[in-house]
Protein chains: 2
Amino acid sequence: MPFRFAARMNNARRSFVREILKVTDRPDVISFAGGLPNPQMIPVEAIAAASEKVLRREGREALQYRTTEGYPPLREWIAAQYVARGVHVTSEQVLITTGSQQGLDLLGKVLIDEGDGVVVEDPTYLAAIQSFGLYGARFLPVPADGDGPDLAKLADALSASPKLLYCMPEFQNPTGISYSGDRRRRVGEMVRDSSAVLVEDDPYGQLRFRGEPRASLAVHNPGRTVVLGSFSKTIAPGLRLGWVCGPAEVMEKLVMAKQAADLHTDHLAQRLAYQFLADNDFERHLQMIRGTYKAHCDAMLEAIGRHVPAGVHTTRPDGGMFLWMTLPAGISAMDLFPLAVERGVAFVPGGPFHASGGGENTLRLNFTNAEPERIATGIERLGVAIAELMRG
Amino acid sequence: MPFRFAARMNNARRSFVREILKVTDRPDVISFAGGLPNPQMIPVEAIAAASEKVLRREGREALQYRTTEGYPPLREWIAAQYVARGVHVTSEQVLITTGSQQGLDLLGKVLIDEGDGVVVEDPTYLAAIQSFGLYGARFLPVPADGDGPDLAKLADALSASPKLLYCMPEFQNPTGISYSGDRRRRVGEMVRDSSAVLVEDDPYGQLRFRGEPRASLAVHNPGRTVVLGSFSKTIAPGLRLGWVCGPAEVMEKLVMAKQAADLHTDHLAQRLAYQFLADNDFERHLQMIRGTYKAHCDAMLEAIGRHVPAGVHTTRPDGGMFLWMTLPAGISAMDLFPLAVERGVAFVPGGPFHASGGGENTLRLNFTNAEPERIATGIERLGVAIAELMRG
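**Some remarks on the confidence of the model for chain A**
Inference 1: Here chain A shows a mean pLDDT of 96. Residues at 70 or above account for 99%.
Inference 2: The ipTM assigned to the predicted complex is 0.96, against a pTM of 0.97.

**Topic: the sheet that holds strand β14 (residues 362–366) of chain A**
Residue and element names in this part refer to chain A.
Inference 1: If you walk across this open sheet you meet the 4 strands as β10-β11-β14-β13, and the pairing is antiparallel. The open sheet has two edge strands with one neighbour each: β10 (313–314) and β13 (348–349).
Inference 2: Taken together, the 2 bridges between β10 and strand β11 (residues 322–326) define a ladder with antiparallel strand orientation. Across the sheet, residue His-313 finds its bridge partner in β11, namely Thr-326.

**Here's the deal with the domain arrangement of chain A**
All names here are of chain A.
Inference 1: If you check the domain split of chain A, you get domain 1 (7–43 + 284–391) and domain 2 (64–279).
Inference 2: Computed over C-alpha atoms, the centres of domain 1 and domain 2 are 24 Å apart.
Inference 3: Between domain 1 and domain 2, the residue contacts involve 32 residues of the former and 34 residues of the latter.
Inference 4: Residue assignment for the side of domain 1 that touches domain 2 shows that the elements contributing at least two residues are α1 (16–23), α10 (282–307) and β11.
Inference 5: Element by element, the count of residues in the side of domain 1 that touches domain 2 is highest for α10, at 5 residues.
Inference 6: Residues belonging to the side of domain 1 that touches domain 2 are distributed by class as follows: 17 nonpolar, 10 polar and 5 charged.

**Examining helix α6 (residues 151–158) of chain B**
Residue and element names in this part refer to chain B.
Inference 1: Taken as a whole, α6 has its buried residues at Leu-154, Ala-157 and Leu-158. Seen along its axis, α6 keeps its buried residues to an arc of 95°; they face one direction.
Inference 2: Taken together, the buried residues of α6 touch β3 (117–122), β4 (138–145), β5 (148–149) and α7 (181–192).

**With respect to helix α2 (residues 44–63) of chain B**
Inference 1: Compared with an ideal rise of 1.5 Å per residue, which puts 20 residues at 28 Å, α2(B) spans 21 Å between its outermost C-alpha atoms and falls more than 12% short.
Inference 2: B:Arg57 marks the point of greatest bend in α2(B), at about 85°.
Inference 3: Residues of α2(B) that are buried: B:Ile47, B:Ala50, B:Ser51, B:Val54, B:Leu55, B:Gly59, B:Ala62 and B:Leu63.
Inference 4: As for α2(B), its buried residues are in contact with α2 (44–63) of chain A together with α9 (267–279) of chain B.

**Some points on the relation of the copies chain A and chain B**
Inference 1: Superposition of chain A onto chain B requires a rotation of 180° combined with a translation of 0.0 Å along the rotation axis, giving an RMSD of 0.0 Å. Taken together, the rotation and translation describe the operation of a two-fold axis.
Inference 2: Most of the interface of chain A is mirrored in chain B, where 100% of its interface residues again form contacts.

**Focus on unusual backbone geometry**
Inference 1: Omega for the bond connecting A:Asn173 with A:Pro174 falls within 30 degrees of zero, at 25°, which places this linkage in the cis form.
Inference 2: By secondary structure assignment, the location of A:Pro174 is in the loop between β6 (164–167) and α7 (181–192).
Inference 3: Positive phi is not limited to glycine here, since A:Leu263 has a value of about 65°.
Inference 4: For A:Leu263, the location among the structural elements is in the loop between α8 (248–262) and α9 (267–279).
Inference 5: When the 22 C-beta atoms within 10 Å are taken as the criterion, A:Leu263 is described as buried.
Inference 6: Not every positive phi belongs to a glycine, and B:Arg240 is a case in point at roughly 55°.
Inference 7: Within the secondary structure, B:Arg240 sits in the loop between β8 (225–230) and β9 (241–245).
Inference 8: By C-beta crowding, B:Arg240 is classed as buried, having 30 other C-beta atoms within 10 Å.

What counts and what doesn't
- Each chain carries its own residue numbering, running from 1 in the written order of its sequence.
- Ligands are numbered from 1 and chains lettered from A, in the order in which they are written.
- Thresholds applied to this predicted model are a pLDDT of at least 70 for local features of residues and 80 or more for the giving and counting of side-chain atom pairs; totals over whole chains, interfaces and linings are not thresholded and use all residues.
- Per-residue confidence from the predictor is reported as pLDDT, a score between 0 and 100.
- For two strands to count as paired, DSSP must find a minimum of two bridges between them.
- Elements are defined by DSSP. Helices are runs of H or I of four residues or more, strands are runs of E of two residues or more, and each kind is numbered from the N terminus.
- Segmentation of the chain into domains, including their bounds, is taken from an automatic or database domain assignment.
- This entry defines residue contacts through backbone-placed C-beta atoms, with two residues in contact when those atoms are within 7 Å.
- Under the grouping applied here, Gly and all other residues not named as nonpolar or charged are polar, the nonpolar ones being Ala, Val, Leu, Ile, Met, Phe, Trp, Tyr, Cys and Pro and the charged ones Asp, Glu, Lys and Arg.
- Buried residues are those with 20 or more other C-beta atoms within 10 Å of their own C-beta, exposed residues have 12 or fewer, and partly exposed residues lie in between; C-beta atoms are placed from the backbone.
- The arc in question is formed by the directions pointing from the helix axis toward the C-beta atoms.
- Here, expected helix span is obtained from the residue count minus one, scaled by 1.5 Å.
- Fitting axes to the seven residues ending at a residue and to the seven starting there, one defines the bend at that residue as the angle between these axes.
- Superposition of the copies was done by least squares, using only C-alpha atoms of residues whose pLDDT is at least 70 in both.

Listed below in structure tokens is the structure:
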């Protein structure tokens, strides 16, 4: 007898990026495909010291069942970071999640009924499409320029009474684009005047290596913004530590959904992260990451200038982990992929990041994982493959 | 403007047990309410040694993003345990989850459409009601005697074409009851001949302190059984490590749902658990837990015999963490609760464990968390409160 799965699984697919990562595991392939932090930026020794301390001093507490909401001192640390940035929240509004990916899943569960409108940037974060898609989201993609979303198209999308607007205003995954200060204010105000919840996903905000930090959209829409954050890019992704912070009424539902989803996030990991933050100069650690990623990004941009044919456009991010390449119209990144892998370089074709299709001539490049020399070599190989494809 | 939540949240409640735990946090209250392993059974020093080793030797691998399925050596260890018990699975069929609670959530997501039938024991595990309920499960509760479910009522429930049967055949939470060998075979065969998936939740199977181990239901229904397991009761609940293991076709969907839910389970925790298993005599560790829990269970049963009025029935578990008390008809455990807390003892009223109501005169007692002397004192207090209530 065949298995009878839920209808929501009919359109579910394995993450395209994760499938690509399997193909590109060959050591001779220089991969710009993943979204991995540079392994040298993971503070292994400081985490080992934190672990030794936590397990010796409070091991039984760290390893027992704990509250769903999360470790109170860590929640307080997170709330204080927001307050320092002008977003007035308390630690009671912070829920620790199993990576910020879980925040997306819980928001989908709490907000989205089959067929509900969800406004997203076009392109947007692939795993948000997956998470919200499983709850039956009807995506309303809004294209962006270098300063953020097209406001006229955003107004159209908001007029369809969507449940939420999902956005990543700092160093977006996949494009690396950030909203300008003015665009932040306008977007915050427009959503404030709508019935939607504004979901601001900010996993990369602390990785700004050029320019001045900008305000969270929550500043412009304090009552209806939910912010998502992560320690995956600043401490260690393997610990799976993220958080959601928003209005009390939304948090109450998210806590219920979290209880049913996994009771609570690994508590030892929460105490390790807190101990790491308490015992180390976090700002200095971030400066080291920023300096490294700037060098990586610059190496990639310079190599692109040298090796990639004219007619190819590339974003110039001020932080984060990705840049975005647009090939001339009619040149397909899917066609480019096998040519590139053959030459020993990999990337992610941009099509799947578009919730309603399109973007066949786009691709995402990660600049944090490979070292600058390998970046230069990889981009040279990519340039050859692009030139070959453009020649037809 | 009010927030517009998804319809599935209309009936969601915070876990009743977790709310009770907040009330019973007072140090003067002896609590039999939670489901916590005894803190002395958590191998803190061995986990600290494993952590030191893992972080020194392979810290960068342990802290980076990893595959959704989980750490391969840990998956192999789990598969080997099943094979040794006559359940023939491979490590590819094992998915590591964020506690076995996440296994329930993922199964709900993958299998249950709004209104789908889900057969459960009556009473059943509270958090399964929560997880499946959020996906719109229509519960079909089947009562059990001391040997397992009522087979005639199970046949009725299966005739309604349910998507799954959820059961806990060893030391059930909340009752402590185990299925007999014959009942296992019959249940396995009946589900095999239906269109339902059999979900066998087994978090306590390794905590048998009396009698002989019995076969997994998967032995009787190999093609359509999904088994859930956990390290929460044998290593440490705070690490949030569980697993799901089942037919390849089901696992493929579960992996997709897991990707969207949290990408993967804390990888450091997975390596810690594996290192703990590799470096320690796990069977001896389990024997210590079993010996301790037997002493606790016996202390509780003895105190019940001495202090609880006639007319109150109690199960006599052969393992696990809970026993179940049935008060005389018409005596309400909800009415008992405030009287008991006033005398300094707490439990969980049994009503909420019944998916379709009933069981007002039942309650669950945990015997693992408090020490035997406190168990005796607590049961004496409970006996006084029950006698008072029975006198009217």
